[in-house]
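A look at the structure
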Amino acid sequence: MDPAEVEFLAEKELITVVPKFSFDRIYLIGGDIGPFSAGLPIDVPLWLAVNLKQRQKCRIRPPEWMDREKLQGKKQEEMDSKFFIEMPNQHYMEITQLLLKYAPDDIPHADEMRTLIKDLWDLRMAKLRSSIDTFVRSDATHAKLNHLTLMELNTVRLFLTNSLDQLYVLRSNLSGKVQATQE
Amino acid sequence: MTMKASENYFDIDDILASNERIPCRVELPIYRLGYLDSSHESEHLLPGTKIEFPYWLGRAVCSRRRHIVRVDLPKQYREGYREILSADATVVDLHKLGPYYYSFGTKLLHFEHVASADIAKSMVKTFQTRFRKIMDSSQNAYNEDTSKLTEKLDEAERSLFRSGQFGLHDFQRWETRKTEKLTTSNMVRNHQKRKRNVMDSNVD
C-alpha cells in the first residue's frame, strides 16, 4: 500500500470547521454534508476541510487530542509502557501531517505539535522494531500487537512479510521434510 | 518433477544458487569425461578423483538410486564455520561464504548428510541473529550510500534490505509531501530517451 493511499483513507475522518460562508446541504456519494451557515461549527470530512481551507473559506478547529498537554501525556505513557498504547486517533500521523501543512495558522503551537507527534511516531516505530525482533528470535508462530495504526503497519509491511517468508523456508528445513525433488 | 514452494523455475536467484559448487568424490568410473577435471590428463574420471560439480549436476548424479559420486559438505557449512556463526553471526561476511548462503544451504539438505539437521538449525539461528541488524540499518539509512551496509549480507538478506528501504523511502516521500507532485512516469521518460537514440542513429 502506498502512504498516499493510507492518507486517502484518513481523509474520511471527520473534523470540525467554522465556515465563513452559508450554503445549502450538499449531497455526495459518501454522505450529505451541511447545511453550512457562516460562523457555526460543523463536522466535515478532512478532505473537504482541507479544500475549504485552501480557498480561505473556513477555519479549522484542531481535533481535541491535538493539544500540548494531552500529547505530552501520551508520549510519557508511551515511554513508560512496554506495549503500544492506544492512540487518540487511528490516523493521528496523517491528520497531523495534513493539518500542519494546510492550516498551520489554525493550530496553536503548530511547531510543538509537529515535534510531539514525530516523537510519538519515533517511539512507536522503535518499539515496533524491537517487538518484531523479539518475535523473529522467539520460535513463536504468531504475535498480537494492539493499537498499531495503519500508517505504522504500512511502513514495515513489505519488509516484515518478506522476512517471515524467508524464515518460513528456513524453518521448514528443520522439520526434515526433504521432498523428493527429482527424477 | 515436483517443486518445493521455495523453488521457482524462472527465478534467477534460484538458478544462480543451484549453480554453486559442491565438492564431490567420484565413486564409479565416468568414461570419456576426463576433461571435466582439468588437473588430470586421463580420458576417464576414475574412482577416487576429487572434483567440484555445480549443485544441479551433483543432485543428478548422487541420489539414493544413483550413486556415481559422493557429495561432501562445502566448507562454509561444516562444523567450524557453524561454530563461528553460532558465536556471533552478525559480524560474519555471509556474502563471502556464498552469495546464496541460505538458499544453497537449503538445497544442500537434499543430500541428507549426517549434519543436515545441524545445518538447518544453524541457518535459522543465523538468520534470527542477523535479522535485527538488517532491519535497523534498512529502516534508518536514508539518502546515504548503502553499499557498506549490504556488503556482508547474503542475497536473500539483501533483498530484505531493499524491501525495508522501499518502505522507508515511501514513507519519507509522503512525509515531505513529494507524493502529491505529479512526475513523468519512468516508462514514458525511458521511451523518449529510446526514441531520441533512434533519431540520433538515423541522422548518422
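Rules behind the numbers
- Residues numbered from 1 in each chain as written.
- Chains lettered and ligands numbered in written order.
- Predicted model: local features only at pLDDT ≥ 70, side-chain atom pairs only at ≥ 80, totals over all residues.
- Heavy atoms only, no water.
- Helix = DSSP H or I, 4+ residues; strand = E, 2+ residues; numbered from the N terminus.
- Rg over C-alpha atoms; globule rule 2.2 N^0.38 Å.
- Contact = heavy atoms within 4.5 Å.
- Areas by Shrake-Rupley, 256 points an atom, 1.4 Å probe, with all protein chains shown as cover.
- Patch = residues over 30% accessible without salt bridge, like charges linked within 9 Å, V, L, I, M, F, W, Y side chains within 5 Å.
- Salt bridge = Lys/Arg side-chain N within 4 Å of Asp/Glu carboxyl O.
- Lys, Arg positive; Asp, Glu negative; His and termini not counted.
- Charge placed at Lys NZ, Arg CZ, Asp CG, Glu CD.
- Buried area = accessible area lost by both parts, 1.4 Å probe.
- UniProt positions renumbered as here; feature names shortened; annotations may be inferred.
- Core = buried A, V, L, I, M, F, W, Y, C linked by side-chain atoms within 4.5 Å.
- Buried < 20%, exposed > 50% of the residue type's maximum accessible area, 1.4 Å probe, protein only.
- Axes fitted to C-alpha atoms, helices over the stretch in contact; angles between N-to-C directions.
- Left-handed = near helix turned anticlockwise from the far one by under 90°.
- Nonpolar A, V, L, I, M, F, W, Y, C, P; charged D, E, K, R; others polar.

Some remarks on the overall build of chain B
For chain B, the helix and strand inventory stands at 8 helices and 3 strands. Element order for chain B, N to C, with α for helix and β for strand: α-β-β-α-β-α-α-α-α-α-α. Expected size for 204 residues packed as a compact globule is a radius of gyration near 17 Å; at 23 Å, chain B overshoots this value by more than 25%. Taken along the three principal axes of its C-alpha coordinates, chain B extends 70 × 55 × 35 Å. By sequence separation, contacts in chain B at least 24 residues apart represent 66% of the contacts at least 6 residues apart. When the accessible area of chain B is evaluated, it comes to approximately 12,500 Å², of which 54% is carbon and sulfur surface.

Details of a positive patch on the surface
The grouping of A:Lys101, B:Arg173, B:Lys178 and B:Lys181 at the surface amounts to a positive patch. Inspection of the secondary structure puts A:Lys101 in helix α4 (residues 92-102).

Remarks on the interface of chain A and chain B
The parts lose accessible area when they come together, and the size of an interface is often stated as this lost area. Facing the 41 residues of chain A at the interface are 44 residues of chain B. Between chain A and chain B, the buried area comes to about 3,900 Å², and carbon and sulfur atoms account for 60% of it. Remark: the boundary between chain A and chain B carries 4 salt bridges. Across the salt bridge formed by A:Arg129 and B:Asp136, the nearest N and O atoms sit 3.4 Å from each other. For the side of chain A that touches chain B, the secondary structure elements donating two or more residues are α1 (3-10), α4, α5 (110-137) and α6 (150-174) of chain A. Counting residues per element, the side of chain A that touches chain B draws most heavily on α6(A), at 14 residues.

What to know about the UniProt feature "domain: GINS subunit" (unreviewed entry) in chain A
If you check UniProt for "domain: GINS subunit" (unreviewed entry), the listed places come out as residues 65-165 of chain A in our numbering. Between the end C-alpha atoms of residues 65-165 of chain A there is a gap of 38 Å, over a span that is 67% helix and 0% strand.

Regarding unusual backbone geometry
The phi angle at A:Gln56 is positive, at roughly 60°, despite the residue not being glycine. One can find A:Gln56 in the loop between α2 (46-54) and β5 (58-60).

Examining the nonpolar core
Formed by 87 residues in total, the largest nonpolar core has its most connected members in A:Phe36, A:Val44, A:Ile60, A:Leu99, B:Ile22, B:Val69 and B:Tyr101. Here this core gets 10 residues from one element, more than from any other, and that element is α5(A). Residue contacts for A:Val44: discarding those within four places in its chain leaves A:Glu13, A:Leu14, A:Ile15, A:Val17, A:Ile33, A:Phe36 and A:Ala49.

Some points on a nonpolar patch on the surface
Nonpolar side chains collect at one region of the surface, where A:Met1, A:Phe8 and A:Leu9 lie side by side and expose about 290 Å² of accessible area between them. Structurally, A:Met1 is set in the segment before α1.

Considerations on the packing of helix α5 (residues 116-140) of chain B against helix α7 (residues 155-175) of chain B
Residues and elements named next belong to chain B. It is at 8 Å that the axes of α5 and α7 come closest, and there the two elements cross at 35°. Of the two elements, α5 crosses α7, and the hand of that crossing is right-handed. Together, Phe-127, Arg-130, Ile-134, Ser-137, Ser-138, Gln-139 and Asn-140 of α5 and Glu-157, Leu-160, Phe-161, Gly-164, Gln-165 and Leu-168 of α7 make up the contact between the two elements. In terms of residue class, the contact of α5 with α7 is made up of 5 nonpolar, 6 polar and 2 charged.

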